[in-house]
Amino acid sequence: MKPASFDYHRAHDVRGATELLAELGDEAKLLAGGQSLVAMMNFRLARPAALVDVGRIGRLNYLRRDASALRIGALTTHRAIETASAAEIVGPFGVLTRAATWIGHYPIRTRGTIGGSLAHADSTAEWCLLAVLLDAQIVVESTRGRRTVAAGEFFFGFLTTALEPDEMIVEVVFPTPAPHAALTEFAQRKGDFAIVAAAVSLDVAGGVCRSGRVALGGVDAVPVRIPAAEAVLRGGELGGELFAACAAAAAHAIEPGSDAHGSAEYRRKLARTLVIRACQEAMAG
């Protein structure tokens, strides 16, 4: 199919983009990599009256490390994160490079952007899940100024976020290194959105898990942390028994829905399996 008619605008900087958004109103959409929006437009699932192309705003394409945080520009592609050098990511933020390999197919990773993925807000998207897991801060800008939104407060529901119509994501900040973290998922075909995805981050010392974080995608309208599973990890001896108990708690805590891809019970079983796998990979990473 072809998209419905729309007006096209190209922005050359953030100020120009936000001014266009303020002028055009809530019928306008930002176009970055276009890997989600263009497909939705072609199927007439999205019919924006105007597109504001921000793909050439070069200063939003970067990865930077400071004393502890990792800062990623909104137009940084999935592929750039996947192939980032050790000085930028690999090590305490290595889970990001490993997680990027799950995203779509190679052409999608070369065009799609981290900011676009977060704005699209699919609950199984890798960046959305890791943002929630690692307490990322999402920096957004409009003609009214900048503000920072915690990832846990950014996702409201299915494809719905805290972004106002005149705002755009400009940066994602991962404030805390995660040397023992992993993301894994299951999809019907490689490159598809996951049916269920699981991510964990473990704080370990002397064979003991001092604390841990567990997040799941595909079991709710937004990616969610699972406090009950995290409580099981706290103070436990690392190993298969602990990981199995954590996974069982996660599966018991969720209330997933059923759809054409699987029943609620199927999603619970996937969640249990994937949490165990993520814990094992986090310790091996």
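For the structure itself, look to the data block above.
All values derive from a computational prediction rather than experimental measurement.

Q: Give me the lowdown on helix 11 (residues 264-284), citing residues and values where you can.
A: Taking 1.5 Å of rise per residue, 21 residues should cover 30 Å, and helix 11 covers 30 Å from first to last C-alpha, within 8% of that figure. Of the positions making up helix 11, those classed as buried are Ala 264, Arg 267, Leu 270, Ala 271, Leu 274, Val 275, Ala 278, Cys 279 and Ala 282. The buried residues of helix 11 all sit within an arc of 165 degrees when viewed along its axis, so they share a single face. In helix 11, the exposed residues that point more than 90 degrees away from the buried face are Lys 269 and Ala 284. The inward-facing, buried residues of helix 11 contact strand 11 (181-186), strand 12 (196-205), strand 13 (208-217) and helix 10 (240-253).

Q: I'd like a rundown of the sheet that holds strand 5 (residues 70-73), residues and numbers included.
A: If you trace the five strands from one edge of the open sheet to the other, you get 4-5-10-6-7, paired in antiparallel fashion. On the outer flanks of this sheet lie strand 4 (63-65) and strand 7 (145-150), each paired with one strand and no other. Between one strand axis and the next, the sheet turns by 20 degrees as a mean value, whatever way the strands run. As defined by bridge partners, strand 5 adjoins strand 10 (residues 168-174) across four bridges and the pair is classed as antiparallel. Within the sheet, the bridge partner assigned to Gly 73 lies in strand 10 and is Glu 171. Set on the sheet, helix 1 (residues 14-24) makes contact with strand 6 (137-142) and strand 10; between it and strand 10 the angle comes to about 125 degrees.

Cut-offs used in this document
- Residues numbered from 1 in each chain as written.
- Predicted model: local features only at pLDDT ≥ 70, side-chain atom pairs only at ≥ 80, totals over all residues.
- Heavy atoms only, no water.
- Helix = DSSP H or I, 4+ residues; strand = E, 2+ residues; numbered from the N terminus.
- Expected span 1.5 Å × (residues − 1).
- Buried < 20%, exposed > 50% of the residue type's maximum accessible area, 1.4 Å probe, protein only.
- Arc of directions from axis to C-beta.
- Contact = heavy atoms within 4.5 Å.
- Pairing = 2+ DSSP bridges.
- Axes fitted to C-alpha atoms, helices over the stretch in contact; angles between N-to-C directions.

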